[in-house]
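Letter by letter, the chains look like this.
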Amino acid sequence: MSTDSLLQSTPRGLYCQAGDFFVDPAQPVERAVITHAHSDHARRGCRHYLAAADGEALLRSRMLPEADFQFLRYSEEIQVRGVTVSLHPAGHMLGSAQVRLEHRGRVAVVTGDYKLGRDPTCPSWEAIRCHLFVTESTFGLPVYRWESEASAMDAVNRWWRDSQDAGKCCVLYGYAIGKSQRLLAGLDDTIGPIYTHGAVEKGIEAYRESGVKLPPTKYVGSIEGKHDFRGGLVLAVPSAHGTTWLRRFGRISTAMASGWMAVRGSRRRRSVDRGFVISDHVDWPSLLEAVELCDPEMVWVTHGYAATVARYLVESGRQAAVIDSRQRVEGEEDAPADKGASQP
Ligand SMILES: [Zn+2]
Ligand SMILES: [Zn+2]
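The residue count restarts for each chain, going from 1 along the sequence in the order it is written. Just so you know, chain letters begin at A and ligand numbers begin at 1, following the order they were written in. Reporting of local features is limited, given that this is a predicted model, to residues whose pLDDT is at least 70; pairs of side-chain atoms are given and counted only at 80 or more, and all residues count toward the totals for whole chains, interfaces and linings.

S.K.: Please explain the overall build of the protein chain as it appears in this structure.
M.R.: Each helix is a run of H or I in the DSSP string that is no shorter than four residues. Each strand is a run of E no shorter than two, and both are numbered from the N terminus. Counting its secondary structure elements, the protein chain contains eight helices and 19 strands. For 344 residues, the compact-globule formula gives about 20 Å, and the C-alpha radius of gyration of the protein chain, at 20 Å, lands near that figure. Taken over the C-alpha atoms alone, the protein chain extends approximately 65 × 45 × 30 Å along its principal axes. Exposed residues have 12 or fewer other C-beta atoms within 10 Å of their own C-beta, buried residues have 20 or more, and partly exposed residues fall in between, where C-beta atoms are placed from the backbone. The buried share among the 344 residues of the protein chain stands at 47%. A pair of residues counts as a contact when their C-beta atoms, built from backbone coordinates, are within 7 Å of each other. Put simply, of all contacts in the protein chain between residues at least 6 apart along the chain, 59% involve residues at least 24 apart. Computation of the radius of gyration draws on C-alpha atoms alone. For the globule rule, the value is 2.2 Å times the number of residues to the power 0.38.

The following block contains the structure:
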């Protein structure tokens, strides 16, 4: 168990004793500050939630209707028992926030999930100077390096055009919430119609309700009778791969958009035709860049390759500790809360 005067790492999650609240608790607690709507961060069953206002529609669509929320605009400060709490853009997905805590001159920042690259669906990650910096390490190995948003989406749109020329329908797999909407925002809808799987469409509705501009889509479940999908692109969840649901689309070309596609063999194991390396988490260079920019006295590393990242930071002359060595698979983010919604 790691302890700082502002935060403690406990089995229930990160706890701020001075303010008596948890950040992204793993179990239901009295008061929770939530960094974003993915189910491994936004657990159901807490009594009070504090979260970023941009994510309101999305969070409400995923949490229990009776959940008690307080929403803050980015950078807006509130006092919780003498602790100054504010939320700042994390660049991970709509409504994602870093939590900044300040108490007696000491500042801690909990990033949640974050990335430094451009994302048309949310404001960019903001560097915050702090004493304690808590970072995820999902892709905390030197092999993980992302190309720019523009060139990654160019490759996706090119694949779509080529498949269209070959008389096929494209099926692009991405996580239902966050990734699929980001992909949609980067698709060139002059190429052809864009269709959606039910779990993806639900997220798109919340994004549109929140004011995010997205190309028009058609929910596959709303199409009756025979339909010619040739030349179109379907945004679907990875669990739809290899199921009979795909039959209606005729001849298809499949692709997966994920940070895991950076590793040779991932695409083959998933048995998809194409793999696009597109992630909503920090890659290795941007994780190190974030630490430099925030310049903390101490870094706590969690979720992923925590030991590797902490060792590298210590060898680079920083203070760092592993607070949670659980290996998180990116795909798990959508698992529990989406079970009911994963029907096509
Ligand atoms: Zn996430
Ligand atoms: Zn996460």
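S.K.: I tried to follow the sheet that holds strand β5 (residues 48-52) on my own but got confused; where do I start?
M.R.: In a beta sheet, neighbouring strands are held together by backbone hydrogen bonds and run either parallel or antiparallel to one another. Taken in spatial order, the six strands line up as β1-β2-β3-β4-β5-β6 in an open sheet, and their pairing is mixed. Two strands lie at the open edges of the sheet, namely β1 (8-10) and β6 (68-72), each paired on one side alone. Pairwise comparison of adjacent strand axes, ignoring direction, gives a mean angle of 30° for this sheet. Any two strands with at least two DSSP bridges between them are considered paired. Relative to strand β4 (residues 31-33), strand β3 (residues 21-23) runs parallel, the two sharing two bridges. Residue pairing in the sheet places F22 in a bridge with A32 of β4. Angular values range over 0 to 180 degrees, each being the angle between N-to-C directions of two axes fitted as lines to C-alpha atoms, with helices fitted over their stretch in contact.

S.K.: Just to check I follow, could you spell out the nonpolar core for this structure?
M.R.: Of all hydrophobic cores here, the largest spans 95 residues; its most connected members are L172, Y173 and V234. Marked domain ranges trace back to an automatic or database domain assignment. Looking at which domains feed residues into this core, each of domain 1 (8-144 + 280-342) and domain 2 (149-276) supplies at least three. Other than its neighbours up to four places away in sequence, V234 contacts C169, C170, V171, L172, Y195, H197, V220 and F249. As used here, a nonpolar core is made of buried Ala, Val, Leu, Ile, Met, Phe, Trp, Tyr and Cys residues. They are joined through C-beta atoms within 7 Å.

S.K.: Would you mind showing me how to read the environment of P89 here?
M.R.: Note that P89 resides in strand β8 (residues 83-89). For P89, a count of 20 C-beta atoms within 10 Å puts it in the buried group. With 38 residues separating them along the chain, P89 and A127 place their C-alpha atoms 9.1 Å apart. The contact partners of P89, leaving out residues within four places of it in the chain, are Y74, A97, C122, P123, S124, W125 and E126.

S.K.: Where do I start with the environment of E149 in this structure?
M.R.: Residue placement: E149 occurs in helix α2 (residues 149-165). With 17 C-beta atoms counted inside 10 Å, the residue E149 sits in the partly exposed group. C-alpha of E149 to C-alpha of G117: the two residues are 32 residues apart in sequence and 7.0 Å apart in space. Beyond its immediate stretch of four places on either side in the chain, E149 contacts G117, R118, D119 and G186.

S.K.: In this structure, what is going on with helix α4 (residues 198-209)? I would like to understand it.
M.R.: Quick reminder: α-helices carry 3.6 residues per turn. Residues three or four places apart thus point the same way. The end-to-end C-alpha distance of α4 is 17 Å, a good match for the 16 Å that 12 residues give at a rise of 1.5 Å each. Here α4 has its buried residues at A199, V200, E201, G203, I204, A206 and Y207. Directly beyond the C-terminal end of α4, a positive phi value near 90° is found at G211. Each helix should span, by expectation, one fewer than its residue count multiplied by 1.5 Å.

S.K.: Would you mind showing me how to read the pairing of strand β11 (residues 132-137) here?
M.R.: Note on strand geometry: in a regular strand, side chains alternate between the two faces of the sheet. Judged by how many residues are buried, β11 sits mostly within the fold: six of six residues are covered. Alternating positions in β11 separate into two faces, L132, V134 and E136 on one and F133, T135 and S137 on the other, with burial throughout. Where strand β10 (residues 106-110) lies against β11, three bridges are found, and the strand directions are parallel. Along β11, the bridge assignment pairs V110 with V134. In this structure, β11 lies alongside strand β18 (residues 298-304), joined through six bridges in parallel fashion. Bridged to S137 within β18 is G304.

S.K.: What should I look at first to understand helix α6 (residues 284-294) in this one?
M.R.: Among the residues of α6, W284, S286, L287, A290, V291 and C294 are the ones counted as buried. At its buried positions, α6 is contacted by β10, β11, β18 and α7 (306-315).

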